[in-house]
Structures are given as structure tokens and as C-alpha cells.
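Residue-level structural notes
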Amino acid sequence: MSRKKLKDLGFDLPLLPTTTVGSFPKPPELMRARAEFAKGKITEAELRAEEEKATIFWVEKQEEIGVDVLVDGEMYRGDMVAYFAEKMPGFVLGDLVRSYGNRYYHKPIIQSEVKWPGPMTVGWWKFAQSRTRRPMKGMLTGPYTIMDWSFNEHYVDRRAACLAIAEEIRKEVEALIEAGAKIIQVDEPATSVRPEELPLVVEAMEIVTEGLPAYFITHICYGAFQKIYPQMLDIPVDNFDLELSNNELSMLDLMKKNRFSKDISFGAVDVHTHVVEDIDTVKKRIVQGLEVLDPEQVWVDPDCGLKTRTVEESIEKMRVVVTAVKQLRTRYVKSTSQVQ
Amino acid sequence: MKLMATNTGSYPRIGSRPEFQVLRQAIAQRDKGTKTDADVKAAEDAMTRAAIEEQTGSGLDMVTDGQIRWYDPISHVAGKLENITINGLMRYFDTNSYFRQPVVKGPIRWKQPVLRPDYEKAVALSSRPVKPVLTGAITLARHSIVEHPGYESDFGSLVRDYNMAIAQEVKELAAAGAAVIQIDEPVVLKNAGDLPLLNETLKVLSQVKGKARLALYVYFGDPGPVLSALLDSPADIIGLDFTYNTKLIDQVAAVRPKKPLGLGLLDGRNTKLENADQVAKSLERLLKGISAEECYLNPSSGLEYLPRDRALQKLKHLVAIKNRVA
Ligand SMILES: [Zn+2]
């Protein structure tokens with residue numbers, strides 16, 4: 001349980017803190033600005049102004065809804081790997097490859113030694129944090145996912161590439177801490193795809209987080225947890241942000257067999273559907289979670305980033321999480337104080 | 001021993017040059033209502049032609065249609081069977097690309113040929129033999145959502161019914177003159193328990209293949225642990241992915257296979273061009289141990305995971321290595 005670590009870092013979060021996974025949809029004005037920038041019709045400064053406006057919108061919106069731990073919404077990112085690959089020497093962006101159906105993206109290629117170019121996310125973190133008194137998460141993509149989602153032409157194998165990237169991502173973590181960030185999320189959505197490589201994920205995350213004074217969260221998604229649980233708990237972070245609603249809480253059965261020993265950001269709304277769940281559904285999911293988890297170890301959030309939803313859907317999904325948690329808090333505060 | 005260069009399945013359907021953007025544009029415009037299904041079909045034909053030209057141009061001995069018309073490896077055939085609808089996206093193995101999940105709502109039934117018309121078009125466009133490629137019944141079944149009570153507790157019957165449909169496709173393709181028909185079953189590398197079913201399904205396909213030969217291809221994993229079962233399966237050609245296990249070359253050479261193999265020695269999912277000397281050496285070692293009359297050198301998987309320029313380079317590299325050894 002990492003409540004003590006949070007206290008030591010100066011946080012006094014309520015029971016069942018609410019947060020989000022990281023991304024929000026870009027408002028239509030920003031989408032237009034990005035398209036115009038791509039065509040050379042507006043300047044970088046003009047695009048940046050739209051990104052700042054959208055970031056402020058989302059920070060204020062999260063405050064208004066009552067989310068406890070905020071994110072900047074990633075208004076400045078296209079893709080979670082390409083954003084870093086574009087900034088880090090060693091990567092080039094390749095030609096298009098297909099993601100699915102008629103969707104294509106530029107997949108990065110590692111062509112030489114990967115290097116940290118100086119802060120990549122610190123400016124945006126500071127900008128977002130300066131707009132709120134609530135804690136703002138630092139948001140990074142983890143080395144394993146960056147490796148897995150890139151072509152590797154330089155390093156001898158996947159492991160060498162992953163560990164080299166980890167050394168550089170650690171420098172970004174240090175820069176975020178230097179700037180004042182104390183809750184840092186290092187996303188590793190690729191973790192579950194090659195279960196045999198879980199030890200590599202662990203080793204790389206050790207390089208990223210070891211000995212650093214921050215509360216670390218990692219987001220893992222796309223299921224297949226049965227193949228990596230409970231071994232995945234070895235990944236050296238304080239909090240695992242997991243999608244639980246999308247697979248009808250089947251993860252809870254695994255946790256019954258093997259106790260979940262870290263904190264968890266409990267995905268309580270499905271991000272893959274337009275439908276906004278009602279409060280009772282969300283409450284029921286959290287209550288089911290609390291049958292196998294201690295309220296002291298649970299944060300609540302949506303399953304995954306909200307960027308594929310509309311602005312309105314995202315707001316409603318967040319609102320239903322916060323409302324459900326508020327209604328449950330009193331109940332569990334009482335029961336835990338009785339236990340103490 | 002005759003060594004032939006071939007493609008393993010898909011080929012990129014986009015590229016940086018404007019003429020390679022036509023399919024993406026046509027689909028986007030069709031979805032907006034400014035183009036028709038016929039426009040999309042024409043763009044698919046154009047991209048299929050381009051895929052075949054690049055394959056024959058690089059010197060392949062046997063080509064595919066590039067699976068340009070496939071939305072993904074699962075829903076393309078499954079979605080055209082009776083009592084199946086198509087659901088949301090799921091990640092396909094460790095590829096970071098996605099497929100649409102079939103939902104099986106009733107008994108699976110084949111309605112009409114899905115791949116034969118595409119195959120016939122490809123043959124008309126190609127100066128080299130064309131190899132049709134299908135995803136096998138077990139891989140389809142493992143990626144489906146089952147809502148039909150008859151299958152819910154009986155995975156075997158789901159596989160067998162999928163396989164009846166695949167058998168119809170194989171029959172049509174054989175009748176259309178395909179000399180080699182490739183069945184992809186990557187999922188058996190993840191579930192060794194499916195191997196008895198694999199034997200059963202391939203046996204059924206063998207009975208309807210006519211003069212064609214069946215090639216079983218497995219990839220996205222290490223075939224080492226199940227190698228002998230794969231080699232003993234009732235397929236005529238066995239395609240293996242060598243990119244997950246550096247010791248597989250020794251293992252395969254040691255068992256001295258009697259069947260023709262599809263040697264996936266070049267990584268179909270990484271842009272890096274393999275060291276030609278090393279690949280040639282491995283290839284020679286393998287070929288010495290194989291007593292079949294022919295073998296195939298191919299990428300470890302379909303090439304749609306690479307950008308177009310890199311897919312073409314990979315094929316040229318592959319042919320150059322084949323020519324050194326052959
Ligand atoms: Zn996610």
C-alpha cells in the first residue's frame with residue numbers, strides 16, 4: 001500500500017482518488033488547427049496557442065467535475081510513441097503502415113543510438129500544473145512500448161533497444177521531478193502482448209524509476225492479463241492503471257486467487273463505447289472491485305484514454321466516475337475507520 | 001533441390017507516392033458519400049495490380065494478391081459467412097494492428113465464394129503463379145465471440161464449422177487452378193492444445209484440395225516447441241517463422257524434414273535488412289538437411305506491417321539471397 005508514500009510526497013488524497021488515464025479528445029478548433037498546420041497554412045506559434053487553449057479547457061473541466069488527480073490531456077500529441085520518437089535523436093518516422101481498416105500511421109524507425117534531447121514533456125506539465133492547485137500527473141510512454149511500436153534497425157535485439165530507451169526515458173522522469181512533478185505515469189500498453197518478455201518490461205521500468213522520489217503509475221491495456229498476472233506486479237511502480245470494465249471485470253477473478261499487492265487505478269467505465277454508463281452500473285463495478293481490493297489501495301478512472309470519444313462523451317464519462325465515487329466514499333471511509 | 005522465392009501473404013496497400021494513396025482516398029470519400037462502392041473496387045484493383053507488379057518486379061517466383069481487399073486477417077472471410085456479424089476492434093497478436101471481431105450468432109454456413117473471384121483477377125494480372133492465402137479455422141475461431149449456444153461449450157464444433165466454410169473456399173480455389181493454397185494458423189503457436197484440431201481441419205481440407213498443394217503457415221511466435229507436430233500435420237508445405245528463436249535453424253536442420261518448407265528467415269515485420277551472408281549461410285544449412293524436392297524462401301509474415309518502400313526492399317533482398325544460394 002502506497003498511501004504512506006503519497007503522504008510523504010505531500011499529498012492528502014481522499015479515499016478512492018479519481019483520475020483519468022491521460023488523453024482527452026482534441027476540441028474541433030484544435031483539430032482544424034492541426035490540419036492547417038500540416039498544410040503549412042498556420043505557424044507553429046498559432047498551433048501552440050490552440051493547444052494551450054485546449055489544455056486550459058481540459059484542466060478547468062477536470063476541476064469543475066471534481067477529479068482529484070489531473071492530466072494535461074495530451075493536446076500536443078498525435079500518437080503516444082511518435083510524439084517521443086519525433087523528438088528523440090536516433091528515431092526517424094517511416095512511411096505509412098496500417099493500424100486497421102483505412103487507418104494508417106507513420107511508424108518510427110530506430111536508425112541510430114537513441115538520445116534524450118532535453119525535456120520533452122516538462123514544459124506542458126508546468127503549463128498545466130500552473131493552472132490548478134490539484135496534483136497534475138507527469139505523462140510518459142514507457143521504453144518497452146516505444147521499442148515494441150518501432151522498427152529497430154540499430155540495436156542488436158529488442159532487449160538492447162528497450163534498455164537503451166529506458167536510460168533516456170529516465171532522464172525525462174528526472175527532469176519532471178526536478179520541475180516539481182511527484183506523480184508520474186509511465187504507460188506500457190504493449191506489456192501484455194508478449195508474456196515471455198515481461199521480465200524485460202520489469203528490467204526497463206527499474207531503469208526508469210529506481211531510487212527516484214515520485215509516486216509511479218503505469219497503464220497497461222488490451223487484456224491478456226491472465227498470462228502475466230501476478231508476475232506483472234513485479235514491475236516497479238506504485239500503481240497499476242488497468243482496464244477492468246471492458247472485459248466484464250474478469251481481472252477480479254485473478255485477483256481473488258492472487259492478492260493485488262500494489263495500488264490500482266480501477267477502470268470503471270468502458271472507453272470503447274459511445275454509451276455513457278449510469279451511476280449505478282459504475283458503482284456496482286467499483287463495489288465488486290472492493291470485494292477483492294482494499295479501499296485504501298484503489299483509485300478510480302476510465303478504462304483507457306478518452307481521446308477516441310467526443311468531448312461531450314468524455315466529460316460525461318468522467319462525471320459518472322466522480323459521482324459514483326463520491327456516493328461510495330462515505331460508506332467505505334466509515335468501514336475502514338472501524339477496521340482501524 | 002529447387003528453391004523458390006515467394007511472399008507470405010499481405011502487401012502494403014498504401015505508399016508515399018500519390019498513385020498509392022488512391023485506395024485510402026476512395027474509402028474515405030465513399031464513407032463521406034462522395035464516392036461509390038464501385039470506386040472503391042476500382043481502387044482495390046489498382047492497388048492489387050501495383051502489389052503484384054512489385055512482387056513480380058522484385059523477382060518472386062510465386063506471388064499473392066497482397067490481400068489488398070482484406071480489412072483484416074479475420075473479418076474478411078468470417079464476415080461473409082452466414083450467422084456472423086462483425087464487432088469492434090481487437091489487437092491482432094503482437095502486431096499493434098487491429099482486427100474486427102466476428103460474433104458467431106448461429107450455425108456457421110458458407111454462402112458463396114469469397115476468395116475465388118479475387119484469385120482469378122490476380123491470376124489475370126500476374127506473370128507468375130499466384131498463391132491464394134486464407135486464415136485457418138482455428139485462428140478464426142480463437143478470435144471470435146461466440147453467442148451461439150451450440151458452440152459455447154464446444155470449441156471443436158465451432159472450429160469444424162468454420163473449417164467447412166474454409167473447405168468450400170479451398171475447393172473453389174483448387175477448381176480455379178491454384179497450385180498452392182496457403183492456410184495461416186498463427187494461433188496454434190499460442191495454444192499447443194489446438195494441434196489435434198489442426199490435424200483434423202487440415203485432413204478435411206486435403207480431401208477437397210484436388211491437384212493443389214496445401215501450405216500451412218504459422219508465424220508471430222516460435223514454432224520450435226511444436227515443430228514435429230507441425231511437420232507431421234497433413235499439409236504438403238510447412239511455413240515457419242524463424243524470427244522468434246535463433247536456435248530454430250539448428251533444430252529444423254537436425255530433424256531433416258522430408259516436406260517442402262516455407263522458410264521465414266527474413267523478418268516481415270522489421271525494416272532492417274538482414275545480413276545477407278548470415279541468411280545465406282543459414283539457408284544452406286537448412287537446405288542440406290531437407291530432402292524435399294523444393295523449398296520456399298519467404299518473409300516471416302505478411303508484409304503489410306512494413307512501409308511500402310521497405311516491403312519492396314525486403315523482397316528484393318530476399319530474391320538476391322535466394323539467387324546466391326539457388
Ligand atoms: Zn489503454
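The text that follows walks through the structure, step by step, so that each part is easy to find. (Residues numbered from 1 in each chain as written. Chains lettered and ligands numbered in written order. Predicted model: local features only at pLDDT ≥ 70, side-chain atom pairs only at ≥ 80, totals over all residues. Heavy atoms only, no water.)

1. Regarding the coordination of the zinc ion
For a metal with four tetrahedral donors the ideal donor-metal-donor angle is 109.5 degrees, while six octahedral donors give ideal angles of 90 or 180 degrees. Residue and element names in this part refer to chain A. Bound to the zinc ion on the protein side are His219 (NE2), Cys221 (SG) and Cys304 (SG), at distances that span 2.1 to 2.3 Å. One chain supplies every donor for the zinc ion, spaced along it as H-x1-C-x82-C. Here cysteine 304 lies in the loop between strand 9 (298–301) and helix 11 (311–339) and histidine 219 lies in strand 6 (residues 215–220), a separation of 85 residues in the sequence. Across this residue pair, the class does not change: histidine 219 and cysteine 304 are buried. (Donors = N, O, S within 2.8 Å, 3.2 Å for Na, K, Ca; no water. Helix = DSSP H or I, 4+ residues; strand = E, 2+ residues; numbered from the N terminus. Buried < 20%, exposed > 50% of the residue type's maximum accessible area, 1.4 Å probe, protein only.)

2. Topic: the side chain of B:Ser10
Residues and elements named next belong to chain B. Within the secondary structure layout, serine 10 lies in the loop between strand 1 (2–5) and helix 1 (22–32). The class of serine 10 is buried, set by a relative accessible area of 4%. Apart from the residues within four sequence positions on either side, serine 10 is in contact with Gly66, Gln67, Gly302, Leu303 and Glu304. (Contact = heavy atoms within 4.5 Å.)

3. Quick notes on the interface of chain A and chain B
Taken together, the contact between chain A and chain B spans 24 residues of the former and 30 residues of the latter. Surface buried jointly by chain A and chain B totals about 2500 Å² across both partners, of which 47% is contributed by carbon and sulfur atoms. Inspection of the chain A/chain B interface yields 3 salt bridges. Here A:Glu153 makes a salt bridge to B:Arg310, at a shortest N to O gap of 2.5 Å. Counting across the interface, chain A meets chain B through 12 residue pairs in polar contact (both at pLDDT 80 or more). Elements that contribute at least two residues to the side of chain A that touches chain B include exactly strand 1 (91–100), strand 2 (103–110) and strand 4 (151–152) of chain A. Top element by residues in the side of chain A that touches chain B is strand 1 of chain A. It accounts for 6 residues. Residue classes in the side of chain A that touches chain B are distributed as 14 nonpolar, 5 polar and 5 charged. (Buried area = accessible area lost by both parts, 1.4 Å probe. Salt bridge = Lys/Arg side-chain N within 4 Å of Asp/Glu carboxyl O. Polar contact = N/O pair within 3.5 Å; in protein donor to acceptor, adjacent residues only side chain to side chain. Nonpolar A, V, L, I, M, F, W, Y, C, P; charged D, E, K, R; others polar.)

4. What to know about the sheet that holds strand 5 (residues 145–146) of chain B
Residue and element names in this part refer to chain B. Strands sit in the order 2-3-5 across an open sheet of 3 strands; the sheet is mixed. Edge positions in the open sheet fall to strand 2 (82–91) and strand 5, since each of these has one partner strand only. In the packing of helix 7 (residues 155–175) onto the sheet, contacts are made with strand 2, strand 3 (98–109) and strand 5, and the angle to strand 3 comes to roughly 95°. (Pairing = 2+ DSSP bridges. Axes fitted to C-alpha atoms, helices over the stretch in contact; angles between N-to-C directions.)

5. A closer look at the pattern of salt bridges
Pairing of side chains with opposite charge becomes possible as their charged atoms draw close. Scanning the model with the defined rule gives 43 salt bridges over all chains in all. With a shortest N-O distance of 3.0 Å, A:Lys5 and A:Asp238 are connected by a salt bridge. Here A:Lys5 is found in helix 1 (residues 3–8), whereas its partner A:Asp238 is found in the loop between strand 6 and strand 7 (239–242), with 233 residues between them in sequence. When the shortest N-O distance is used, the salt bridge between B:Lys121 and B:Asp45 registers 3.2 Å. In this pair, B:Lys121 is assigned in helix 4 (residues 116–125) and B:Asp45 in helix 2 (residues 37–57), connecting sequence segments 76 residues apart. In this structure B:Lys121 comes out as partly exposed when scored by relative accessible area, which is 37%.

6. Things to note about the sheet that holds strand 4 (residues 133–135) of chain B
All names here are of chain B. Ordered by their spatial adjacency, 7 strands build an open sheet running 1-10-9-8-7-6-4, and the pairing between neighbours is parallel. Where the open sheet ends on each side, the last strands, each with one partner, are strand 1 and strand 4. Averaged over all pairs of adjacent strands, the angle between strand axes in this sheet comes to 25°, irrespective of strand direction. Pairing geometry for strand 9 (residues 261–266) and strand 10 (residues 294–299), over 4 bridges, is parallel. Residue leucine 263 lies in a different strand from strand 10, and its bridge partner there is leucine 297. On top of the sheet, helix 11 (residues 276–289) reaches strand 1, strand 9 and strand 10; it is set at about 160° to strand 9, its chief contact.

7. Describing the environment of A:Pro143
Residue and element names in this part refer to chain A. Considering the arrangement of structural elements, one finds proline 143 in helix 6 (residues 143–148). Considered as a pair, proline 143 and alanine 164 are 21 residues apart in the sequence and their alpha carbons are 8.3 Å apart. When residues no more than four places from it in sequence are discounted, the contact partners of proline 143 are Cys162, Ile165, Ala166, Val186, Glu188, Ala204 and Val208.

8. What to know about the nonpolar core
By size, the foremost hydrophobic cluster in this structure holds 109 residues, and its most contacted members are A:Ile184, A:Met232, A:Ile235, A:Leu242, A:Met255 and A:Phe260. In terms of residue count, helix 7 (residues 158–179) of chain A provides more of this core than any other element does, 11 residues in total. Beyond its immediate chain neighbours, meaning those up to four positions away, A:Ile184 contacts A:Gly138, A:Leu140, A:Val173, A:Leu176, A:Ile177, A:Ala214, A:Tyr215, A:Phe216 and A:Ile217. Counting residues in hydrophobic clusters, the runner-up holds 108 residues, among them B:Ala51, B:Ile74, B:Ala141 and B:Leu287. (Core = buried A, V, L, I, M, F, W, Y, C linked by side-chain atoms within 4.5 Å.)

9. So, the environment of B:Asp194
Residue and element names in this part refer to chain B. For aspartate 194, the position within the fold is in the loop between strand 6 (180–184) and helix 8 (195–208). Between the alpha carbons of aspartate 194 and lysine 259 there is a distance of 22 Å; along the sequence they are 65 residues apart. Among residues more than four places away in sequence, those in contact with aspartate 194 are Ile138, Arg142, Phe155, Val187 and Val188.

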